[in-house]
Structures are given as C-alpha cells and as structure tokens.
Amino acid sequence: MKSMNSNEIIIEYQSMHYEKRVNNKMMYYDYVFPIDDIHHYISEINNIDCAKIMDDILSSQFNEIINSSDVFQFSSFENCTDNLCAVLKRANNPGVKPLQMGKMLLNDGENRKEGAFTKYGENHLKTALLIGLVWKYYDTYYLTCLGYALDTLSKEERNKLITRLLLRNKLIRRVLKVTSKGKLDMRQFCYMLSDSTYIRRRSNLKRIFKCLEESDEYPFDTITENIIW
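As a starting point, this report considers the structure included with it. All of these numbers come straight from a predicted model, not from anything done at the bench.

Points about the side chain of glutamate 44
- Inspection of the secondary structure assignment puts glutamate 44 in helix H3 (residues 35-46).
- Summary of buried charges: glutamate 44 has no salt-bridge partner, and the nearest side chain of opposite charge, arginine 164, is 10 Å away.
- For glutamate 44, the residues in contact, after removing those within four places along its chain, are Met4 and Ile9.

Below is the structure:
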C-alpha cells in the first residue's frame, strides 16, 4: 500500500476503505494475501496516538442509533478474538454460519444440542463483527484482513490493535464521549434491553471496557470510572 501521512492514516483508519478493499479481494480463491502490506497497515494504525483518537471521539457528534445488536454478548473474549481468528484461519477462512462456528469453538467432545452450538457461534461471531475481526456477506461470516493477520502479531502489537479497533466501535465511542463529561447509567443507556438481558450482557460490557483500562497508552480508567453499572 502507498505511504500515508498522519492525517491520511487517521482517515483510512476511520473509513476502513483499505480494509474493505482487501476483504473483498480475499473472496477470490487465487488471491495472494498481502501479509507485508497488512503488517505495514497495522503498524501505521498502532502508531496513531490514542490521545489523538480520543480527541476525535470527544469532539465528534454522534447521530448513529445504538440498538440491541450493538451491545456485546459473548462467553469468552478470547473466543471472539484470538481463538476465533485462529480456527477460521486454520480452516482457510471458508466462510461460516453460527452453527459451524459454535462447533469449531466448542471442539471439546462434549455433547451439545445444535441450538447451543448455534447460539454460541452467533454470539462470538457478532462480537468479532463489532470489533472488526470478521465481516458478514449475506448470512455468512469471513475473517477480515485484520482478523486473518491477528495470529502473526506479537502480543504487544495485538493488544494495541484490539484497543484501536474497540475505539472505532460506535457504542464504545458514544459511551466514552458521554462519560468524559460526567456519569453514565449504563442500564439507562441500554434502555432497549430487558432487565434480564441487560444483566446477562453487563459482564460482557465490563470486560470490553476493562480491555481499554488495561492499556497503558491512555488513562481510560479516568473516564470509564464514570460508568454506573
């Protein structure tokens, strides 16, 4: 890919134009995955200062509606990031539906009903989609170029990338915008969920924001401490 200045990198990171072009090309059986270009792109993204991304978040106007499908739901964060990407890549990124994904992730020999596999696969695919590690074509999910390259990164590179992908998510951006100014009642923010559904997803939301708090690139905890759970 061509060299970009800092402003161009931020625009590319936000627009995802390059990622979408590569994702589409990955659908062709004879496409040679440009691993060096993707590593360069990830390096460029990881070099964006989180403070600069936060400045953009805090100065932005958000008009997108947050609905129930935007609220994270998963059983294992590793199973919607590292493990999911690894098993799909080993299978040559064939394109999967929730039932297949559930069976690939829960490959422990335990006897389960197909409905349980389907629900598990659906939750983890949807979370990977919200993060940006998979994309959906009709009703089938495929690894994105970033998801495909995830297992080639060092732990530090991977953590920095996940942080920046989370900061691109519209729910997270909206929450950070609000909590930068004061308290946010997460139950009211997730008004579209029933009480029982909110209780189930609350731990998932806490886990997602903990990922940001664990980063040493920005004092996210000074903002997320304003979330009332």
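Structure shown, so let's carry the discussion forward.
Some remarks on the packing of helix H4 (residues 50-59) against helix H10 (residues 170-179)
- The interhelical angle for the contact between H4 and H10, taken along N-to-C directions, is 80°, at an axis separation of 9 Å. One way to sum up the angle between H4 and H10 is to call them roughly perpendicular. Contact residues: Met54, Asp56, Ile57, Leu58 and Ser59 in H4; Arg173, Leu176 and Lys177 in H10.
- The class makeup of the residues in the contact of H4 with H10 is four nonpolar, one polar and three charged.

Considerations on unusual backbone geometry
- Even without a glycine there, the phi angle at asparagine 93 is positive, about 50°.
- Its location among the elements puts asparagine 93 in the loop between helix H5 (82-90) and helix H6 (98-105).
- Look at asparagine 93 and you get buried, because its relative accessible area is 12%.

Points about the nonpolar core
- Judged by nonpolar contacts, the single largest core of 70 residues is most densely connected at Leu167, Leu171 and Met186.
- The contacts of leucine 167, once residues within four sequence positions are left out, are Tyr13, Cys50, Ile53, Met54, Ile57, Arg173, Leu176, Leu212 and Phe220.

A few points about the layout of surface pockets
- For the largest pocket, the calculated volume is near 390 Å³.
- For the largest pocket, the lining is made up of 20 residues, of which Met16, Leu129, Leu130, Gly132 and Arg168 are closest to its centre.
- Here the element with the most residues in the lining of the largest pocket is helix H2 (residues 17-25); it accounts for four residues.
- Split into classes, the residues belonging to the lining of the largest pocket amount to seven nonpolar, six polar and seven charged.
- Within this model, the second largest pocket holds a volume of roughly 280 Å³.
- Lining the second largest pocket are 15 residues, and of these Asn159, Lys160, Thr163, Cys211 and Ser215 lie nearest its centre.
- Only helix H9 (155-166) and helix H12 (195-213) provide two or more residues apiece to the lining of the second largest pocket.
- Top element by residues in the lining of the second largest pocket is H9. It accounts for seven residues.

Notes on the pairing of strand S1 (residues 134-137)
- Sheet topology places S1 next to strand S2 (residues 140-143); four bridges connect them, and they run antiparallel. By the bridge assignment, valine 134 is partnered in S2 with leucine 143.
- What sits between S1 and S2 in their antiparallel hairpin is a turn of two residues, with tyrosine 138 showing a positive phi close to 55°.

What about the environment of leucine 171?
- Topologically, leucine 171 is positioned in helix H10.
- Between the C-alpha atoms of leucine 171 and isoleucine 66, which are 105 residues apart in sequence, the distance is 6.6 Å.
- With residues up to four places along the chain from it excluded, the contact list for leucine 171 reads Ile66, Asp70, Val71, Phe72, Phe189, Leu205 and Phe209.

Quick notes on the packing of H5 against H6
- Viewed as axis vectors pointing N to C, H5 and H6 meet at an angle of 105°, and their least axial separation amounts to 10 Å. Judged by the inter-axis angle, H5 sits roughly perpendicular to H6. Two secondary-structure elements touch here, H5 through Asn83, Leu84, Val87 and Leu88 and H6 through Met101, Met104 and Leu105.
- A breakdown of the residues in the contact of H5 with H6 according to their chemical character gives six nonpolar, one polar and no charged.

Some thoughts on H9
- The terminal C-alpha atoms of H9, which comprises twelve residues, lie 16 Å apart, in line with the 16 Å expected from a rise of 1.5 Å per residue.
- Buried residues of H9: Arg158, Leu161, Ile162, Thr163, Arg164, Leu165 and Leu166, and no others.

Observations regarding the packing of aromatic side chains
- In the structure shown here, the tally under the stated rule is eight aromatic pairs.
- Their ring planes at 55° and their centres at 5.9 Å tell us that phenylalanine 74 and phenylalanine 77 sit as a pair that is tilted. Each of the two residues, phenylalanine 74 as well as phenylalanine 77, counts as buried.
- Ring centres of tyrosine 137 and tyrosine 138 lie 4.8 Å apart, and the angle between their planes is 85°; on these two criteria the pair is classed as edge-to-face.
- According to the relative accessible area criterion, tyrosine 138 is exposed, its value standing at 68%.
- Every member of this aromatic cluster is reached through a ring pair, and the members are Trp135, Tyr137, Tyr138 and Tyr142.

Scoring rules and cut-offs
Residues numbered from 1 in each chain as written. Predicted model: local features only at pLDDT ≥ 70, side-chain atom pairs only at ≥ 80, totals over all residues. Heavy atoms only, no water. Helix = DSSP H or I, 4+ residues; strand = E, 2+ residues; numbered from the N terminus. Buried < 20%, exposed > 50% of the residue type's maximum accessible area, 1.4 Å probe, protein only. Lys, Arg positive; Asp, Glu negative; His and termini not counted. Salt bridge = Lys/Arg side-chain N within 4 Å of Asp/Glu carboxyl O. Contact = heavy atoms within 4.5 Å. Axes fitted to C-alpha atoms, helices over the stretch in contact; angles between N-to-C directions. Parallel < 35°, antiparallel > 145°, perpendicular 65-115°, else oblique. Nonpolar A, V, L, I, M, F, W, Y, C, P; charged D, E, K, R; others polar. Core = buried A, V, L, I, M, F, W, Y, C linked by side-chain atoms within 4.5 Å. 1 Å grid on protein atoms, 1.4 Å probe; cavity = no way out; pocket = protein on both sides within 12 Å on 5 of 7 lines; lining within 4 Å. Points joined across faces, edges and corners; volume = space filled by probe spheres on them. Pairing = 2+ DSSP bridges. Expected span 1.5 Å × (residues − 1). Phe/Tyr/Trp six-rings, centres within 6.5 Å; stacked < 30°, edge-to-face > 60°.

None of the figures reported here should be taken as evidence of function without further support.
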